[in-house]
Amino acid sequence: MRDLLIRNGNLLLSAAAETLVSADILIRDGRIAQITAGITADGPVLDVGGDIVVPGLINAHLHSPGNFMRGTLEGLPLEVFMLYEVPPIASGAEDPAEVRIRTLLGAAEMLKLGITSVMDDAFFVPLTQTTTIDAIAGAYADSGMRATLALDQPIVVEYEKYPFLADLLPDDIRQSMDTAPRETAAGMLAHYDHLITRWHGAADGRIAAAVSCSAAQRATPDYLHSLHALAKTHDLPFFCHVLETKLQRVLGDVKYGMSLVRYLDSLGILDAHMLVIHAIWIDEADMAILGASGATVAHNPVCNLRLGSGVMPFRALRDAGVPICLGTDEAVSDDSHNLWGAIKLAGIVHAIAGGSDYAGWPKAAEILSALWDGGARAMRRPEPLGRIEVGAAADLAVLDHTAPGFLPLHDIRRALVLCEAGRAVRHTIVDGCVVVRDGHLTTVDEDQLRADLARIEPRLRTEAVALRDGAARLEPYYRQMVERAAATDVGFTRWVGR
Ligand SMILES: [Zn+2]
């Protein structure tokens, strides 16, 4: 049932709205049909009794395959961290039933936090399988969430993704990397054919496909061009991690003789389809290129601090005309799906730039605009998202107006960015369906989900220890690589407080 009348709401219509308005919302066929006080209509009714109704939150960057790994690691730089997250010498195959549990856990957590949309850049260890694609997309479809799914799978040998590493590694490890299972461009394009044919537009349009190269240095130029062509043909987002770390800045100089932003631009694939993930170690010229490209940057401030990547130049990017959206990135680098935490951190971390230019520190409205307007732009959906207006998708979060963050309520936008942490979410509506009612999922049997997890949890802990052992063997070489990159002068820094 995608028809609903929401009665007695206090609505924040968009990031640009300054105050709440008291009104009802009539939803027909998953879209907002009418917004006014005193609507009478047949069909199901949700009386929210004066609660605050906001557009559903948009998590613009996530890797759901990290969902089982929350809290497994202390802080590590990205390149060392990835040894645990996506071990470069892995074998075996993922179990689709466990992949479903893993995906549902994240979807359930997000929906209960009022996050109605997610862009999941899913990786597969070691190889992509049709059954695991179906498990992820099927879990999102069944959860009631609006989800865009891409396949984040490198196709080059591990040591080719990094500067210095090939020379640092002993022969036997390099050979293990050469022979480790690895996807090909042709294989991945066949998987994309399946993803798009089977899932793009599924579940009344809630499920959609995106393409992902993971990062430019993890793909070949031919593969990048093929993904870009797919993005253009089907109007899909194109996910690409770009200059997340200083090491990646050094890699661009060493391997391509230019920054990775300029490299993407030189290939002709940097356009409005692209979701540029992180964009921390960008310089002024990169920002100008990004601003002219129409691409959106996904800002994941919790992950960036957790992995010591540095601080994205928020104000300079905005001044260059670059749209920004917000994400949690991963349950092993956040370590939650609580986008509210990323919202608050995005709202305050950029003051770390300091100086007298405090007028340039982000304002609450700007952060909410990134959340809703930036997220909607990055999603590239046919229906308007991130706003409460006639014709928009009926994706809404209903917040308890008596929750501590709203007592007293001085300014709704600052309350949402600075005071609320997600605990106030009472109901979540996606596509006109009440998927969370009074804090409980209506779509997923949470007791069963917890029981399913409990059955495999001992083995997950054992596997996490085994991952540590495998990574420990490789870590010394990666540490040397990270140290060498850190010591390289790139002409600017995104680290602070040193
Ligand atoms: Zn990511």
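Residues numbered from 1 in each chain as written. Predicted model: local features only at pLDDT ≥ 70, side-chain atom pairs only at ≥ 80, totals over all residues. Heavy atoms only, no water.

1. A word on the overall build of the protein
Link 1 in the chain: The number of helices and strands found in the protein is 16 helices and 18 strands.
Link 2 in the chain: The globule rule puts the C-alpha radius of gyration for 498 residues at 23 Å, and the 22 Å found for the protein is close to it.
Link 3 in the chain: With respect to the principal axes defined by its C-alpha atoms, the protein has extents near 75 × 55 × 40 Å.
Link 4 in the chain: By residue count, 59% of the 498 residues in the protein fall in the buried class.
Link 5 in the chain: Long-range contacts, defined as pairs at least 24 residues apart, comprise 79% of the intrachain contacts of the protein with a sequence gap of at least 6.
Link 6 in the chain: Working note: accessible area of the protein is about 18,300 Å², and carbon and sulfur atoms make up 52% of it.
Link 7 in the chain: If the 44 positive side-chain charges of the protein are averaged to one point and the 63 negative ones to another, these points end up 2 Å apart. (Helix = DSSP H or I, 4+ residues; strand = E, 2+ residues; numbered from the N terminus. Rg over C-alpha atoms; globule rule 2.2 N^0.38 Å. Buried < 20%, exposed > 50% of the residue type's maximum accessible area, 1.4 Å probe, protein only. Contact = heavy atoms within 4.5 Å. Areas by Shrake-Rupley, 256 points an atom, 1.4 Å probe, with all protein chains shown as cover. Lys, Arg positive; Asp, Glu negative; His and termini not counted. Charge placed at Lys NZ, Arg CZ, Asp CG, Glu CD.)

2. A look at the sheet that holds strand S9 (residues 207-209)
The pairing of strands in a sheet happens through backbone hydrogen bonds and is either parallel or antiparallel.
Link 1 in the chain: Pairing within the open sheet is parallel, and its four strands lie in the order S6-S7-S8-S9. Two strands bound the open sheet, and with one partner strand each, they are strand S6 (57-62) and S9. With strand direction ignored, the average angle separating the axes of adjacent strands in the sheet is 15°.
Link 2 in the chain: The pairing of strand S7 (residues 115-122) with strand S8 (residues 146-151) spans six bridges and is parallel. (Pairing = 2+ DSSP bridges. Axes fitted to C-alpha atoms, helices over the stretch in contact; angles between N-to-C directions.)

3. Topic: the nonpolar core
Link 1 in the chain: Of all hydrophobic cores here, the largest spans 157 residues; its most connected members are Tyr140, Tyr192, Leu399 and Leu416.
Link 2 in the chain: Of the residues forming this core, the biggest block, ten residues, is contributed by helix H16 (residues 446-486).
Link 3 in the chain: Tyr140 has contacts with Leu62, Ser64, Thr103, Ala107, Met110, Val118, Asp120, Met145, Ala147, Arg206 and Ile207, leaving out every residue within four places of it along the chain.
Link 4 in the chain: The next biggest cluster of nonpolar side chains, apart from the first, holds 17 residues, and it includes Leu11, Leu46, Val398 and Ile429. (Core = buried A, V, L, I, M, F, W, Y, C linked by side-chain atoms within 4.5 Å.)

4. A word on helix H6 (residues 185-199)
Link 1 in the chain: Its 15 residues give H6 an end-to-end C-alpha distance of 20 Å, which sits within 8% of 21 Å, the value for a rise of 1.5 Å per residue.
Link 2 in the chain: Buried residues of H6: Met188, His191, Tyr192, Leu195, Ile196 and Trp199, and no others. Around the axis of H6, the buried residues are gathered within 135° of arc, so they sit on the same side. Turned more than 90 degrees away from the buried face of H6, the exposed residues are Ala186 and Thr197.
Link 3 in the chain: Its buried side turned inward, H6 meets helix H3 (130-143), S8, S9, strand S10 (211-215) and helix H7 (221-234).
Link 4 in the chain: Residue Gly201 follows H6 closely and has a positive phi angle near 95°. (Expected span 1.5 Å × (residues − 1). Arc of directions from axis to C-beta.)

5. A word on the coordination of the zinc ion
A four-donor tetrahedral metal ideally has 109.5 degree angles, and a six-donor octahedral metal ideally has angles of 90 or 180 degrees.
Link 1 in the chain: At 2.0 to 2.6 Å from the zinc ion lie its protein donor atoms, namely His61 (NE2), His63 (NE2), His241 (NE2) and Asp329 (OD).
Link 2 in the chain: With four donor atoms in place around the zinc ion and angles of 86 to 175° between them, the coordination shape is irregular.
Link 3 in the chain: Among the residues examined, His241 registers a relative accessible area of 4% and is labelled buried. (Donors = N, O, S within 2.8 Å, 3.2 Å for Na, K, Ca; no water. Tetrahedral: all angles 85-135°; square planar, octahedral: opposite > 155°, others 65-115°.)

6. What about the sheet that holds strand S11 (residues 238-242)?
Link 1 in the chain: The strand order across the open sheet built from five strands is S10-S11-S12-S13-S14, with neighbouring strands paired in parallel fashion. The open sheet has two edge strands, S10 and strand S14 (324-326), and neither has a second partner. Taken pair by pair, the neighbouring strands of this sheet meet at an average axis angle of 25°, ignoring direction.
Link 2 in the chain: The sheet contact formed by strand S13 (residues 296-299) and S14 spans three bridges and is parallel. Counted as the bridge partner of His299 is Leu326 from S14.

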